[in-house]
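A closer look at the structure
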Amino acid sequence: PPAPSVGAAVAGAMNRAQQWTSADASTLNPSAFVSEAGRVAQESGLSCDVLQGDDLRDQGFGAIFGMGSGSPHPPALIDLRFRPANPTTSVTLIGKGVTFDTGGLSIKGAAAMAGMRQDKCGAATVLAVMSVLRDLDVDVEVRALLPVIENMVGPRSLRPGDAVTAWNGTRIHVMDTDFEGRVILADALAYACAEAPDLIVDVATLTYQVVVALGPDIGGLFTRDDDTASRLMTAGRAAGEALWRLPYDERYLDQVLMPDGVKNHPETESGRAITAALFLGQFVSDDIPWAHLDITGPAWRGPASSPGATGFGVRTLLSLLRSS
């Protein structure tokens, strides 16, 4: 069949991101997400490698393994690659994939928990982007790393105060099990840096405080360098998706660092979108351009009962890759 037009390909990707994000957690649990990623890879010309369950722990991914241990569905790290014939550059995309977030032992209230199937939005967004790279003739080598867990209460759940060891050897003190997203992203970011791509972009519904700062329609952008900020802002404007750069300010780094590693909760009430970005930055090499997109606000519209996923971020990432 003929390749779809650019508009049709992008719309198809957005629709897939919406469907995956809105899917209920009993349908799209971590094991089902792994199967879906494998299907997409086969249909879209991607390679697909998966580490699941005890293999994650054995390969050093203690953060993903630990945060996903409370669920009967094993945690996973999905590694997808798109390799064009003559790539101009290399980009690694990372998407937070929490198929349901109870908060773990730091359990959420009922109202806050009701819509938490949407916490896989980052992984859904990145998987949707990967699904159309061949159709759009993208000439960038793109890798996707998707840490996928269900954050549940179970006999093996992490307790507040427990520590896990990330892939790069950094010790993470889990002071609050509801701050799980940054913990699983830490493993993926550290693993991504081992290949030294030209750019890393992570996408996550990470903090409600980014909604407090920017409202429901604007995504937060954090990066350490102006060139990367400019690239992402330009891509967002071209895609019609509103982003705003927030400060990556190390004056708050004392809320992240501990004598023997880092902690996942700053133990303060303010500035949490910033301290989340600072936490992630501890797992990204200083010499690798990196952007963190916190899309908690614009990723969903309406009440928890609605199929409210918007597909926000798909257009921006495709705009970035098509212009790289």
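A brief structural summary. Quantities reported herein were computed from a predicted structural model and do not represent experimental measurements.

The subject of this paragraph is helix H10 (residues 272-281). Burial analysis of H10 places 10 of its 10 residues in the buried class, the great majority of the element. Those residues of H10 that fall on the buried side of the exposure criterion are Arg272, Ala273, Ile274, Thr275, Ala276, Ala277, Leu278, Phe279, Leu280 and Gly281.

The subject of this paragraph is the pattern of salt bridges. All chains considered together, the criterion is met by 20 salt bridges. Asp54 is the salt-bridge partner of Arg57, the closest N and O atoms lying 3.8 Å from each other. Separated by 3 residues within a single helix, Arg57 and Asp54 lie in helix H3 (residues 54-58), roughly one turn from each other. Between Arg251 and Asp249 there is a salt bridge, and its shortest N-O distance comes to 2.9 Å. What makes Arg251 exposed here is its relative accessible area of 62%. On the accessibility criterion, Asp249 (23% relative accessible area) is partly exposed.

Here Ser69 lies in the loop between helix H4 (62-67) and strand S2 (76-82). A distance of 2.6 Å separates the side chain of Ser69 from the backbone oxygen of Phe65, its partner in a polar contact. Setting aside its immediate chain neighbours within four residues, Ser69 contacts Arg156 and Ser157.

A grouping of Leu105, Ile107 and Val153 is seen on the molecular surface, where their side chains present a nonpolar patch of about 270 Å² in accessible area. Its location among the elements puts Leu105 in the loop between strand S4 (97-101) and helix H5 (110-113).

Moving on to the sheet that holds strand S11 (residues 257-258). Taken together, the 4 strands give an open sheet; going across it, the order is S6-S7-S12-S11, and neighbouring strands pair in mixed fashion. What marks the edges here is a single partner per strand, and that holds for strand S6 (162-165) and S11. Relative to strand S12 (residues 261-263), strand S7 (residues 171-174) is paired through 2 bridges, and the arrangement is parallel. Across the sheet, the residue bridging to His173 is Lys263, located in S12.

With that out of the way, let us pick up the pairing of strand S13 (residues 290-294). In terms of burial, S13 is largely enclosed, as 5 of its 5 residues are buried. As judged from the 5 bridges shared by strand S8 (residues 199-204) and S13, these two strands associate in the parallel manner. Looking at S13, one finds that Val203 is bridged to Leu293.

Definitions and cut-offs
- Residues numbered from 1 in each chain as written.
- Predicted model: local features only at pLDDT ≥ 70, side-chain atom pairs only at ≥ 80, totals over all residues.
- Heavy atoms only, no water.
- Buried < 20%, exposed > 50% of the residue type's maximum accessible area, 1.4 Å probe, protein only.
- Helix = DSSP H or I, 4+ residues; strand = E, 2+ residues; numbered from the N terminus.
- Salt bridge = Lys/Arg side-chain N within 4 Å of Asp/Glu carboxyl O.
- Polar contact = N/O pair within 3.5 Å; in protein donor to acceptor, adjacent residues only side chain to side chain.
- Contact = heavy atoms within 4.5 Å.
- Patch = residues over 30% accessible without salt bridge, like charges linked within 9 Å, V, L, I, M, F, W, Y side chains within 5 Å.
- Areas by Shrake-Rupley, 256 points an atom, 1.4 Å probe, with all protein chains shown as cover.
- Pairing = 2+ DSSP bridges.

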